[in-house]
Amino acid sequence: MDTSRLSMLSPAARAAILEHMNKSVTQTTRDLDAGATEHSRECSNKVGELFGMSQFWYSKPTATRLAQEALSIGGQAASLSGLKRVAFVSCPSAFVAAREQLEAAGDDGETEAMVFEYDRRFGDTYGDLFCYFDFNHPERIPEELRGSFDYVMADPPYLDDNTMRLTIESMRILARDPETTPMCYNSGAVMAESVRAHAGWRECRFHPEHASNLQNEFSCFTNYDAKGLDGWYDD
C-alpha cells in the first residue's frame, strides 16, 4: 500500500491499517526465518559442490545410473570373501548416490562404497568411508586399501593427459586386479584418444550430464563393455 495515502484517512482507519500491515510483516518474517532454518538443516546433511575445487555434481539421473553400474558390476566381480567393495575416486556425487541406494536396500554390510576425495568435508560426513586423496600422489594411497576393490570409478577434476595418467594409476592401485577388475574413467569426450592410447579403454555410448549444465560433452571410458552404460561405440 502507498503509505502517503494514510494521511487522507481518519485516525481510526489509519490505526487499523497500520496494525494489519505490522502483523503481516511479522508473520512474513517468521515464515522466512522458518524456511531459512529448514533450508540450513537440509544443507547441513549434504556436502555441496565447490566450483573452486573443480567440483561439478552429476545430475540426479546420471549419478543414479553410474552408481547402479558400479554397484551391480562390482557385485558380480566380488571376491570370494563375499565383501563387495566399490571405490569412487574424485566423483563424490556418484558415491552419494551409491550410499543412498545401499541404504534404501537395507545396507546389509555385504557391499561397501568408499569415496577417495581431496575435499575433507566428506570425512566429516562419511567417516571411515572417506579417504583423503590427491590425484598427484598415487603413491600415498594407504597400503591397507590397495588391491582391495572390485570396481573403481573415477572422475578427476582436470581434462589433461597428466591428470588422466595419474588417476588411472591410482585406479589400478586400488583394483583387486589392475588388468581385469572393471573400471570406469569419466572425463571430457576430448580425452577419448588419450585414454585409449594410454590405457586401451574405450568410450561408452552413455554420456554423463551435470547438474550445472556444463557445455563440455562428457564420456565414460571403461576396460569392459559396460552394457549398463549402453556399451562401447563400434570401432
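Quick note: structure is the one above.
All of the points below concern the structure found in this document. All values reported here derive from a predicted model rather than from experimental measurement.

The rules behind these values
- Residues numbered from 1 in each chain as written.
- Predicted model: local features only at pLDDT ≥ 70, side-chain atom pairs only at ≥ 80, totals over all residues.
- Heavy atoms only, no water.
- Helix = DSSP H or I, 4+ residues; strand = E, 2+ residues; numbered from the N terminus.
- Buried < 20%, exposed > 50% of the residue type's maximum accessible area, 1.4 Å probe, protein only.
- Contact = heavy atoms within 4.5 Å.
- Areas by Shrake-Rupley, 256 points an atom, 1.4 Å probe, with all protein chains shown as cover.
- Pairing = 2+ DSSP bridges.
- Axes fitted to C-alpha atoms, helices over the stretch in contact; angles between N-to-C directions.
- Parallel < 35°, antiparallel > 145°, perpendicular 65-115°, else oblique.
- Left-handed = near helix turned anticlockwise from the far one by under 90°.
- Nonpolar A, V, L, I, M, F, W, Y, C, P; charged D, E, K, R; others polar.
- Phe/Tyr/Trp six-rings, centres within 6.5 Å; stacked < 30°, edge-to-face > 60°.
- Core = buried A, V, L, I, M, F, W, Y, C linked by side-chain atoms within 4.5 Å.

The next subject is the overall build of the protein. If you tally the helices and strands in the protein, you get six helices and seven strands. Reading the protein from its N end, one meets helices and strands in the order α-α-β-α-β-α-β-β-α-β-α-β-β. Put simply, the protein has 235 residues, and 40% of those count as buried. In the protein, of all internal contacts separated by at least 6 residues, the share reaching a separation of at least 24 is 69%. Put simply, the protein shows about 12700 Å² of open surface, and 50% of that area lies on carbon and sulfur atoms.

Taken in spatial order, the seven strands make up an open sheet running β3-β2-β1-β4-β5-β7-β6, and their pairing is mixed. Sheet topology places β3 (130-132) and β6 (202-203) at the edges, where each strand pairs with a single neighbour. Note that strand β4 (residues 151-154) and strand β5 (residues 183-188) share three bridges and pair parallel. Each bridged residue has a counterpart across the sheet, and for M153 the counterpart in β5 is C184. Contacting β1 (84-89), β2 (111-117), β4 and β5, helix α5 (residues 161-174) runs over the sheet at an angle of about 165° to β5.

Moving on, we come to the packing of α5 against helix α6 (residues 192-199). In helix packing, the relevant descriptors are the interaxial angle and the interaxial distance, both defined with respect to the helix axes. It is the contact of α5 with α6, at a shortest axis distance of 11 Å, that shows an interaxial angle of 45°. Taken as axis vectors, α5 and α6 run oblique relative to one another. For the pair α5 and α6, the crossing hand works out as right-handed. Where α5 abuts α6, its residues D161, M164, R165, I168 and R172 lie against S194, V195, H198 and A199. Taken together, the residues that form the contact of α5 with α6 break down as four nonpolar, two polar and three charged.

Relative to each other, helix α2 (residues 60-76) and helix α3 (residues 92-104) sit at 70°, their axes nearing to 8 Å. Looking at the two axes, α2 sits roughly perpendicular to α3. Of the two possible hands of crossing, α2 and α3 adopt the one that is right-handed. Between α2, through K60, A63, T64, L66, A67, Q68 and L71, and α3, the contact on the second element is made entirely by S93, A94, A97, A98, E100, Q101 and L102.

Counted by the stated rule, this structure contains eight aromatic pairs. Ring geometry for F116 versus F149: centroids 5.6 Å apart, planes at 80°, classification edge-to-face. In this pair, F116 is assigned in strand β2 and F149 in the loop between β3 and β4, connecting sequence segments 33 residues apart. Through a chain of ring-to-ring contacts, the aromatic side chains of W57, F88, F95, F122 and Y126 assemble into a single cluster.

To continue, consider the nonpolar core. One finds F88, F116, V152, M153, L174, Y185 and W201 to be the most contacted residues of the largest nonpolar core, which totals 58 residues. Setting aside anything within four residues of it in sequence, one finds F88 in contact with A70, A94, F95, A98, A113, M114, V115, F116 and M153.

Now for the pairing of strand β7 (residues 218-222). Of all the five residues making up β7, five are buried; the element is thus mostly covered by neighbouring parts of the structure. Where burial is concerned, the two faces of β7 agree: the one with F218, C220 and T222 and the one with S219 and F221 are both buried. Note: β6 against β7, two bridges, orientation antiparallel. Residue pairing for β7: R202 is matched across the bridge by T222.

Along the chain, T167 falls in helix α5. Residues T167 and P157, 10 residues apart in the sequence, show an inter-C-alpha distance of 10.0 Å. Setting aside residues no more than four positions away along its own chain, T167 makes contact with F135, A154, P156 and Y185.

As for its position among the elements, Q101 is in helix α3. The partly exposed category is assigned to Q101, whose relative accessible area is 22%. Separated by 37 residues in sequence, Q101 and T64 place their C-alpha atoms 8.3 Å apart. Contact partners of Q101, with chain neighbours within four places excluded, come to T64, A67, Q68 and L71.

Glancing now at the side chain of S59. With respect to the element layout, S59 can be found in the loop between α1 (11-44) and α2. Excluding residues that lie within four positions of it along the chain, S59 makes contacts with E209, H210 and A211.

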